[in-house]
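Fold and contact review
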Amino acid sequence: MAAMQEIWVWLSYVAASVTFIVGLKMLSHPETARRGNLIAAAGMTLAILVTLFLYRSPDGQLLGNRGWIFAGIAVGTAIGWVAAKRVKMTAMPQMVSLFNGMGGACAAVISLMEYPHHDFAPGSWNLAAVIIAGLLIGGTSFSGSMIAFGKLNGNIGDRRFSGQVMLNLIMLVLVLALGAYLTFQQSPNMPLLLLLTAMTLLYGVLFVMPIGGADMPVVISLLNSFTGVAAACGGFIYNNQVMLTGGILVGSAGTILTILMCRAMNRSLLNVLVGHFGSSSPSAGAAGEHGAVKEISVSDAAVLLSYSRKVMVVPGYGLAVAQAQHTIHELEKLLEEKGVEVSYAIHPVAGRMPGHMNVLLAEADVPYNKLLEMEQANNEFGTADAVIVVGANDVVNPAAKTDASSPIYGMPILDVSLAKNVIVMKRSMSAGYAGIENALFYDPKTRMLFGDAKSTLQKLIAEVAAN
Amino acid sequence: MEQLLYFLFEHREMVFIIILSIFLGVEVISHVPTILHTPLMSGANAIHGVVIIGAIIVMGQAEPDNYAALVLGFLAVVLGTLNVVGGFVVTDRMLEMFKKKKGKQA
């Protein structure tokens, strides 16, 4: 009977591992992505249920404290479900960061609890090393994710001071040294373990603090793979194959995803982590040379758009913040009715995360085939009569191509100045998320339309309809 | 060194799984279009919620009169569940957006 149950547990773990792999694979194709997510969720549910009811510890005992476990799952499900359902589409990236932090914290707590239980014989330092690793990686992921959450949510600014890289390095060495010391102890030393936990959490904070808000997606992706590795440490502790497969899979896939994201911005991971994005502002001095910007009135803009043959929209985070994705879609439909060809040019890092803008526009029912990726868009700007830049800044900043001293130098941009006319909708002349000036605003082809993206778009729609 | 080798050999299946999973993870992800980066990251985020299994085990093995362990274990279960449920639901909400519009095209 017990043996049979063990076989069922094992079979379910195999099945769950397969759903994770198939799920991830399906998640990387637009048509199958949603089903892939559900398949992985089903596998996860199976693994959880089987563990709850059939799992036996090495000494043959079924799990106890089921009341506590059920209560924990109920509380977690209720909070997680409501939070995930309520969060606005624009706040998705920080939500992912938050949930990632929860997973990291979970792994760290498991390590904290397992540490005093492992057998402190001279030969078992290896297992202690895995437990300590789970604590370090999970803890860093937790506190780092919380800081990333705060940054994306706008609660925490970028803090840097000279010598910060050095301090972080020293901190990392200290954490690793203490971790190694604890690994080789012959008896549990809880005060030191707690000290190590505190230092790890502090390290996570220091690690993310100096990284610019614009780079948070990369950081979250990296911390995501950290949590995967932390989960895998748990798998090693319990000889649990499904934790191991799931954790390592996410660890390696997350690392690749992080690298792909860096590549989309044409930067290296090292540059993101210690490059101090936007900390120097050499272009601020150059801004004075540009002269004045030209404004355009709503009615002039409406006429320009109505009599264009081809209009391209460059949406940015400003559009998302103003919740104007539905409004821009209305404008697009109106212009199409007038025979204007409208498409959207999506920069890979538009919004706060790669693909974030696609999700937002999809929410507003913008047809999939109207979204052009960067290369395609750059080929088409030359034939566009007008480009409307809505709440985007850094992704259309020519400094990325021309100014080698600019912090975004080398990042591929949307080359909107190839179009005949450029209308930039912006709240004010303030710099973008990366904190740098934008020469596009001073380009002779560019005219500025100041105001909140949503209300300005609504006025524009009224004017276009009247034309 | 000998201890390490012995440890690895003792866990040889695990080591095997780790190595194969690393390659699998790389392979599965490498051709993903940019628009799916965010949902994919979110989906992967939900999958590492598998750490909940460890939380359940550690909680289930805690002595019923060790309140510190019970509280910590309870916390771990809540955190792990948040990761799993929140992760999958958020991912589904993102992907729902893509689906809706596809239905309209058809």
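A count of helical and extended segments in chain A gives 18 helices and six strands. Split into buried and exposed, the 467 residues of chain A put 57% on the buried side. For chain A, the share of sequence-separated contacts (at least 6 apart) that also reach a separation of at least 24 residues comes to 77%. Accessible surface, chain A: about 17800 Å² in total, of which carbon and sulfur atoms supply 63%. Here chain A contributes 28 positively and 28 negatively charged side chains, and the mean placements of these two sets differ by 3 Å.

This part takes up the packing of helix 4 (residues 92–114) of chain A against helix 4 (residues 51–60) of chain B. At a closest axis distance of 9 Å, the pairing of helix 4 of chain A and helix 4 of chain B adopts a crossing angle of 35°. Helix-helix and strand crossings are classified by hand; for helix 4 of chain A and helix 4 of chain B the assignment is left-handed. Counted together, Gly103, Cys106, Ala107, Ile110, Met113 and Glu114 of chain A of helix 4 of chain A and Val51, Gly54, Ala55 and Val58 of chain B of helix 4 of chain B form the full contact between these two elements. Here the contact of helix 4 of chain A with helix 4 of chain B is built from residues that sort into seven nonpolar, two polar and one charged.

Residues and elements named next belong to chain A. Strand order in the open sheet made by the six strands is 3-2-1-4-5-6, with parallel pairing throughout. Only two strands of the sheet have a single partner each, and these edge strands are strand 3 (371–372) and strand 6 (446–450). Strands in contact with helix 12 (residues 298–306) are strand 1 (310–315), strand 4 (386–390), strand 5 (421–426) and strand 6; relative to strand 5, the strand with the most contacts, it is inclined by about 135°. Along the sheet face, helix 14 (residues 325–337) touches strand 1, strand 2 (341–345) and strand 4 and points at about 150° away from the line of strand 2.

Residue and element names in this part refer to chain A. One can read the domain layout of chain A as domain 1 (1–86), domain 2 (90–277) and domain 3 (286–466). A straight line from the C-alpha centre of domain 1 to that of domain 2 covers 23 Å. Each partner contributes to the interface: domain 1 provides 10 residues, whereas domain 2 provides 10 residues. At the boundary of domain 1 with domain 2, total buried surface from both sides reaches about 830 Å², with 78% on carbon and sulfur atoms. Taken as a group, Tyr13, Phe20 and Leu24 account for 44% of the area that domain 1 buries against domain 2, more than any other trio of residues on that side.

Let's shift gears to the packing of aromatic side chains. One pass over the full model with this rule turns up five aromatic pairs over all chains. Centroid distance Trp68 of chain A to Phe74 of chain B: 5.9 Å. Interplanar angle 80°. Geometry classified as edge-to-face. Taken together, the residues span two chains, with Trp68 of chain A in helix 3 (residues 66–86) and Phe74 of chain B in helix 5 (residues 67–105). Accessibility expressed as a relative area gives 24% for Phe74 of chain B, which makes it partly exposed.

The next thing to look at is the state of the cysteines. Disulfide: a covalent bond formed between the sulfur atoms of two cysteine residues. All names here are of chain A. Summed over all chains, the structure comprises zero disulfides over all chains. In this structure Cys106 is not part of a disulfide, and its nearest cysteine sulfur, from Cys233, lies 13 Å away. Classification of Cys106 as buried rests on a relative accessible area of 0%.

Further remarks concern the pairing of strand 1 of chain A. Residues and elements named next belong to chain A. Of all six residues that make up strand 1, six are buried, and the element is covered over most of its length. Burial along strand 1 is two-sided: Lys310, Met312 and Val314 and Val311, Val313 and Pro315, pointing in opposite directions, are all buried. As paired strands, strand 1 and strand 2 are joined by four bridges and run parallel to one another. Counted as the bridge partner of Met312 is Ser343 from strand 2. Strand direction decides the pairing type here: strand 1 and strand 4, joined by five bridges, are parallel. Looking at the pairing, Met312 lines up with Val387 of strand 4.

Criteria and thresholds
Residues numbered from 1 in each chain as written. Chains lettered and ligands numbered in written order. Predicted model: local features only at pLDDT ≥ 70, side-chain atom pairs only at ≥ 80, totals over all residues. Heavy atoms only, no water. Helix = DSSP H or I, 4+ residues; strand = E, 2+ residues; numbered from the N terminus. Buried < 20%, exposed > 50% of the residue type's maximum accessible area, 1.4 Å probe, protein only. Contact = heavy atoms within 4.5 Å. Areas by Shrake-Rupley, 256 points an atom, 1.4 Å probe, with all protein chains shown as cover. Lys, Arg positive; Asp, Glu negative; His and termini not counted. Charge placed at Lys NZ, Arg CZ, Asp CG, Glu CD. Axes fitted to C-alpha atoms, helices over the stretch in contact; angles between N-to-C directions. Left-handed = near helix turned anticlockwise from the far one by under 90°. Nonpolar A, V, L, I, M, F, W, Y, C, P; charged D, E, K, R; others polar. Pairing = 2+ DSSP bridges. Domains from an automatic or database assignment. Buried area = accessible area lost by both parts, 1.4 Å probe. Phe/Tyr/Trp six-rings, centres within 6.5 Å; stacked < 30°, edge-to-face > 60°. Disulfide = S-S within 2.5 Å.

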